[in-house]
There are 2 protein chains.
Amino acid sequence: MTLRIPLLLTAEIVPFAICTERLAVLLVQQATTWRLPGGPVGGEEDLDAAARRHLAEQTGLGEIYLEQLYTFGEPNRDSGQRAVAVAYYALVRAGFSLADAVPAIAETRWVAVDDMPVLALDHAAIVTLARRRLAAKLAYSTIALQLMPECFTLSQLQAVHEIILGELLDKRNFRKRILALDCIEATGEMARQYGHRPARLFRAKRPGQVDFIK
Amino acid sequence: MTLRIPLLLTAEIVPFAICTERLAVLLVQQATTWRLPGGPVGGEEDLDAAARRHLAEQTGLGEIYLEQLYTFGEPNRDSGQRAVAVAYYALVRAGFSLADAVPAIAETRWVAVDDMPVLALDHAAIVTLARRRLAAKLAYSTIALQLMPECFTLSQLQAVHEIILGELLDKRNFRKRILALDCIEATGEMARQYGHRPARLFRAKRPGQVDFIK
DNA sequence: ACAAAAGTGTTTTTGTTACACCCATGT
DNA sequence: ACATGGGTGTAACAAAAACACTTTTGT
């Protein structure tokens, strides 16, 4: 009952951010192929901790929203060895500078989800699932705030929703809905965009927290 | 990068059914404690397959709805050894007789979720999470049909919803909603309950399938 | 005749969608 | 003055909730 099979247990992370008006994933280059950041879970390491550690080591990202997605364990998902992957997705706030973070040890690149190269193993399937989950969660949680910088305008928040959902939203209805959720508050500051009226800046009321709606 | 840590990977299953008007879980007795059915994943075995196999071996249940829930991997969840559990939940149709199934090799018992004994390891937390997921899924899928026998009355289906949600529902609104989903059809038969008017029997249009709503 | 659950529509309330103009700023 | 995105309310519609009586059977 306590037999231990030889297997490789890994944590793999899909780090999402909005880059240049598109939903993008941070990929890591390994030899000639691209893969998700991630790697083996340590012998005494928590799964979430392993995911955070690999993300930090390979990309410099830390202190971000992380959520377990699904565990992939088909016997043949990695040719040659038995590998089980606990997949996560992470949300990176726009404006977060990778340069601020510890220099990454691997070559990394933000790639738009609609324009992904061939990925290692079943990583493409992991990205697809993560994307579906993220889009679904927009409808019943305040998860989009995890993609926003500390201060943001309502138009920026709306754009994030539109990019993830892939459809345009009505400005007045969107604002009504978001403000009714009571999850953001005006800072009192104004965004100094030029060429038009300045926009009010908002911040999350509970920055780290994702609330459920209804 | 390919180091293999010695660890025990298991699949654990929360088998739900409606028993005597309550939501119940099938537990397995091991020595003096109760635990969820489940056990080690084989070296060349798919995770889902391992879950189905252990469920069949330990309880005789087969051919039922099964869905991955979450993977638990805290280093200390099992004292002494590193154990990672991929948790599943399963739905057993009311009226399914365990006697029909292969004789179970372990002592098993259906226990109401509100009346659970102390369980091994973190199995209580797994049950709690599974229960939340099941209740949430009622709202946006036809998953409740997986708990019904082949033929059932609308009142029986309503009772299942009420038991899982823990609240009473309006009969007319419930029927309107369910019938609008176009997921069940009348068989033409009547249920011969005694002492009152017979009820029309229904069956699922797509028995194995769980549809999403909206 | 009575008890017990089955069956059936309409009204009210709530939430969602559609929609157009003025405002503040930089050039 | 004009170009640009910021900001605002209301009416129509759809969906959800509230609500009570008649029907069919067994005893």
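What counts as what
- In this convention, every chain numbers its residues from 1, walking through the sequence in written order.
- The naming scheme follows written order: chains are lettered A onward, ligands numbered 1 onward.
- Predicted model: local features are reported for residues with pLDDT of at least 70 only, side-chain atom pairs are reported and counted for 80 or more only, and whole-chain, interface and lining totals are derived from all residues.
- Note that the side-chain values use all heavy atoms of the structure and ignore hydrogens as well as water.
- Comment: elements are numbered from the N terminus, with helices defined as DSSP H or I runs of at least four residues and strands as E runs of at least two.
- Any residue with at least one heavy atom within 4 Å of a molecule or strand is counted as near it.
- Whenever two N or O atoms come within 3.5 Å, that pair is a polar contact, provided that in protein one can donate a hydrogen and the other can accept it, and provided that, for residues adjacent in sequence, both atoms are side-chain atoms.
- Residue classes follow a fixed rule: Ala, Val, Leu, Ile, Met, Phe, Trp, Tyr, Cys and Pro count as nonpolar, while Asp, Glu, Lys and Arg count as charged, and any other residue, Gly among them, counts as polar.
- To estimate how far a helix should reach, multiply one less than its number of residues by 1.5 Å.
- By definition in these notes, contact holds between two residues if any of their heavy atoms fall within 4.5 Å.
- What fixes the domain bounds is an automatic or database domain assignment.
- A quick way to say it: buried area is the sum, across both parts, of accessible area lost when two parts are put together, with a 1.4 Å probe.
- We define a salt bridge as a side-chain nitrogen of Lys or Arg found within 4 Å of a carboxyl oxygen belonging to Asp or Glu.

Going by an unreviewed UniProt entry, chain A carries the name NUDIX hydrolase and comes from Candidatus Competibacter denitrificans Run_A_D11.

A few words on unusual backbone geometry. The phi angle at glutamate 21 of chain A is positive, at roughly 65°, despite the residue not being glycine. The phi dihedral of alanine 31 of chain B falls on the positive side, at around 55°, and the residue is not glycine. The residue alanine 31 of chain B is located in the loop between strand E2 (22-30) and strand E3 (33-35) in this model.

All right, on to the protein's contact with DNA strand D then. Around DNA strand D, 21 residues are found, and the nearest of them are Lys171, His196 and Arg200 of chain A together with Gly195 and Arg197 of chain B. The contact atoms of DNA strand D, taken as those within 4 Å of the protein, divide so that sugar and phosphate hold 40%. Separating a phosphate oxygen of DNA strand D from a side-chain N or O atom of arginine 175 of chain A is a distance of 3.4 Å. Between DNA strand D and glycine 195 of chain B, the relevant distance is 3.0 Å, taken from a sugar or linking oxygen to a main-chain nitrogen or oxygen of the residue. Those elements giving two or more residues to the surface near DNA strand D turn out to be helix H4 (171-181) and strand E9 (199-204) of chain A together with helix H4 (171-180) of chain B. The greatest single-element share of the surface near DNA strand D, amounting to four residues, is contributed by H4 of chain A. Residue classes in the surface near DNA strand D are distributed as four nonpolar, six polar and eleven charged.

On to the protein's contact with DNA strand C. By nearness alone, 20 residues border DNA strand C, and Gly195 of chain A together with Ser155, Lys171, His196 and Arg200 of chain B come closest of all. Counting only atoms of DNA strand C within 4 Å of the protein, the fraction found in sugar and phosphate groups is 42%. Contact between DNA strand C and lysine 171 of chain B: a base nitrogen at 2.6 Å from a side-chain N or O atom of the residue. Between DNA strand C and glycine 195 of chain B, the relevant distance is 3.5 Å, taken from a base nitrogen to a main-chain nitrogen or oxygen of the residue. Those elements giving two or more residues to the surface near DNA strand C turn out to be H4 of chain A together with H4 and strand E9 (199-204) of chain B. Here the surface near DNA strand C takes four residues from H4 of chain B, the largest share from any one element.

Residues and elements named next belong to chain B. A rise of 1.5 Å per residue sets the reference length of helix H3 (residues 154-165), with its twelve residues, at 16 Å; its end C-alpha atoms lie 16 Å apart and thus fit the reference within 8%. Buried residues along H3 sit in contact with strand E1 (8-19), E2, helix H2 (123-140), H4, strand E8 (184-191) and E9. Downstream of H3 by one or two residues, glycine 166 has phi in the positive range, about 75°.

Residues and elements named next belong to chain A. When its domains are assigned, chain A resolves into domain 1 (8-138) and domain 2 (143-204). Taking the mean C-alpha position of each, domain 1 and domain 2 sit 27 Å from one another. Contacts between the two partners involve 17 residues from domain 1 and, on the opposite side, twelve residues from domain 2. Summed over both sides, the interface between domain 1 and domain 2 buries roughly 1,300 Å², with carbon and sulfur atoms accounting for 73% of that surface. When the buried surface of domain 1 facing domain 2 is broken down by residue, Ile18, Arg93 and Leu138 rank first, second and third, together holding 47% of it. At the junction of domain 1 with domain 2, the criterion picks out zero salt bridges. Where domain 1 meets domain 2, there are four residue pairs in polar contact (both at pLDDT 80 or more). For the side of domain 1 that touches domain 2, the elements supplying multiple residues, two or more each, are strand E1 (8-19), strand E2 (22-30), strand E5 (65-72), strand E6 (83-91) and helix H2 (123-140). Top element by residues in the side of domain 1 that touches domain 2 is H2. It accounts for four residues. Within the side of domain 1 that touches domain 2, the residues separate by chemical class into twelve nonpolar, no polar and five charged.

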